[in-house]
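Single-letter residue listing:
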Amino acid sequence: MSVMLNGVGVSKGIAIGQAHVFYRERPEILEYAIAPKRIEHEIARFHTARAQAQKQLEAIKLKFSTDLPHDISNFIDTHLLMIDDPVLCDGTVDHIRHRVCNAEWALQSQCDRLVKVFDEMNDPYLKTRKDDILHVVQRIQRCLASDTDADAPEELQGDHLKGRIIVADDLTPADTLIIRHQKIAGFITEFGGPLSHTAILARNLGIPAIIGVRNVRQLIQANDWLILDGAQGMLVVEPDDHSLRHFRDLQKDEKRRQRNLFGLKNKPAITLDGKRINLHGNIDGPDDVRTLRQYDHTGVGLYRTEMLFMERNEWPGEQEQFEVYSRALRALKGHPLTIRTADLGADKEMRDTLQHGPMAHNPALGLRAIRRCLREPHLFMHQLKAILRTAAYGPVNMMIPMFTCVSELDQVLVLIERAKNELRAERKRFNPNMPLGAMIEVPAAALSAMSFAKKLDFLSIGTNDLIQYTLAMDRIDDEVSHLFKPLHPSVLKLIDMTLQAGEKTGIDVSLCGEMASDPLYTRLLLGMGLHSFSVQAGSLLEVKHIINHSHLGQLTSHVRPILELATADEIEVAVDAMNRQFV
Ligand code: PEP
Ligand code: MG
């Protein structure tokens, strides 16, 4: 009899296949006393296991490094750094010395301590980072328990997983890499959250996935047939013929649709009544340009530079940043690159804040983004100079996140002048006319959009934060995710005000939050007057398809009355009806 289960869909797509149940046995960790003269030997055992764990991860990275998206190599690097982390290593060695106990127990005690610190954090994103510590410690524990030199669990080697749906308690980023190489159909895990690295990887790799399916081990046997719907977070175990036929048809339709969309690659985004729309992509680093170009040869409307600053203790210097940004610019082969200055703080934290000083109570309202850069102008200066220099070699724009008042912009303008003077004195090449823009992502900035627009070359609406701050809902807190409503009338009013400020002053206004990537909102935004979208690579063609089938004049008159509606629910119904009418 078929059974239906639900979890959290973290990567869309339909997978149909037989289950491969992969539960990693955790070695039982016992405490035992050792003879004092064996302390050094025990410490050496711990370091050997660490070195072995490091070797395994290096080997996985090397073996699967072709076409590795930026995020993924970053996750493996994070685990490599953690293996070397002084808090983990020195703490474990201290335990061995002071408790005169075995390495396994000392490592586990130190791990429990660290996990407790993460559990007590307010920030759900950081809370999920404890998974990384657990993954790293379990790998070292396995090395301590066995003397094998395997690069990866035997279970995951070979190619016997092709077409299978993996059912696991948890998967590490390294596991995800290995199974992706084996062309699995999808995966389901019992643990992990939507912000876990494994979930992010699944999305990046385009593997349908559901996480958080409780007790899945009891409900699924090896080789059971499964249907996994990643968009709905739904799983059917041992489906009947009718369900199999239904989902196979859906799968075929989806594949056909994807193939057709690829016919739009490198074609312009232009409405039926001839309005050319800028359709750009979002990236996190130069390596992502390759993914972007798989979908379209286009420019970048949002380069989030934080990745360069995270997982390290010091801000990168000017030359290092210049080289990284130049690499992204070269990869774009003449298409524009909009570099956002560091949006550090809240969900994109640097290591230094974790190590020194307490966490802010409300990090999203704290020393984040431009506030943080203005607090440390000498460090910010490196980034300003690096971007100005990159702009001498191609179409580069600089964009500043999270302004709340124009006086912050005035301070940035002074710093940019200072950066230019320093570059002149140092005889370095730079572009003195580099366009400068602001992200509008705080209600205060949207309400003052006219004042910003008068002083800038472009604006870009960051709806992820604009929604968070307008609706007073933490964008990374699962408990309030139901309050995240892009169609709330107040959010639409603020977007509208910003678009009008652009229109009145004649500057470009783009939208680079997730809302731009969701095809549900494309017609609404076009009708509101948005002519510049910056989206996730995977959404480029779908959004382009809608643009190319839209008549701007018709949408404009259709959308105005929708903006007058009083509730998000009413607007949702009206947008849904519009999408169906103009399909
Ligand atoms: C936004 O807030 O919409 C945005 C694009 O910036 P981020 O998601 O990086 O905060
Ligand atoms: Mg933002």
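Quantities reported herein were computed from a predicted structural model and do not represent experimental measurements. (Residues numbered from 1 in each chain as written. Chains lettered and ligands numbered in written order. Predicted model: local features only at pLDDT ≥ 70, side-chain atom pairs only at ≥ 80, totals over all residues. Heavy atoms only, no water.)

*Asks:* Explanation requested: the site of ligand 1 in the structure shown.
*Replies:* Near ligand 1 there are 15 residues, and of these Arg 304, Arg 340, Gly 462, Asn 464 and Arg 475 occur at the shortest range. Taking Arg 304, its side chain carries an N or O atom lying 2.7 Å from an oxygen atom of ligand 1. Interatomic distance of 3.4 Å between a backbone N/O atom of Gly 462 and an oxygen atom of ligand 1. Coverage of ligand 1 by the protein chains reaches 99% of its 290 Å² of free accessible surface. The cavity where ligand 1 resides is the largest cavity. At the level of secondary structure, the elements contributing two or more residues to the shell around ligand 1 comprise strand 10 (300–304) and helix 19 (463–470). By residue number, the principal contributor to the shell around ligand 1 is helix 19, which donates 3 residues. A class-by-class count of the residues in the shell around ligand 1 yields 3 nonpolar, 4 polar and 8 charged. (Near = heavy atom within 4 Å. Polar contact = N/O pair within 3.5 Å; in protein donor to acceptor, adjacent residues only side chain to side chain. Areas by Shrake-Rupley, 256 points an atom, 1.4 Å probe, with all protein chains shown as cover. 1 Å grid on protein atoms, 1.4 Å probe; cavity = no way out; pocket = protein on both sides within 12 Å on 5 of 7 lines; lining within 4 Å. Sits in = over half its atoms within 2 Å of the grid points. Helix = DSSP H or I, 4+ residues; strand = E, 2+ residues; numbered from the N terminus. Nonpolar A, V, L, I, M, F, W, Y, C, P; charged D, E, K, R; others polar.)

*Asks:* What is the right way to read unusual backbone geometry from this model?
*Replies:* Leaving glycine out, the prevailing phi sign among residues is negative, and the prevailing peptide bond configuration is trans. Not every positive phi belongs to a glycine, and Asn 223 is a case in point at roughly 75 degrees. Even without glycine at this site, Ala 472 takes up a positive phi of about 50 degrees. Position of Ala 472 relative to the elements: it lies in the loop between helix 19 and helix 20 (489–505).

*Asks:* I'm lost on the packing of aromatic side chains in this one. Help?
*Replies:* Per the stated rule, a full pass over the model turns up 5 aromatic pairs. Judged by centre distance (6.0 Å) and plane angle (50 degrees), the ring pair of Phe 322 and Tyr 393 falls under tilted. Taken together, the positions of Phe 322 in helix 12 (residues 318–331) and Tyr 393 in the loop between helix 15 (377–390) and strand 12 (396–400) put the pair 71 residues apart, joining distant regions of the chain. Judged by its relative accessible area of 12%, Phe 322 falls in the buried class. The exposure class assigned to Tyr 393 is partly exposed, which follows from its relative accessible area of 48%. For Arg 389, the ring lying beneath its charged end belongs to Phe 322, and the centroid distance is 4.0 Å. (Phe/Tyr/Trp six-rings, centres within 6.5 Å; stacked < 30°, edge-to-face > 60°. Buried < 20%, exposed > 50% of the residue type's maximum accessible area, 1.4 Å probe, protein only. Lys NZ or Arg CZ within 6 Å of the ring centre and 35° of its normal.)

These figures capture arrangement, not role.
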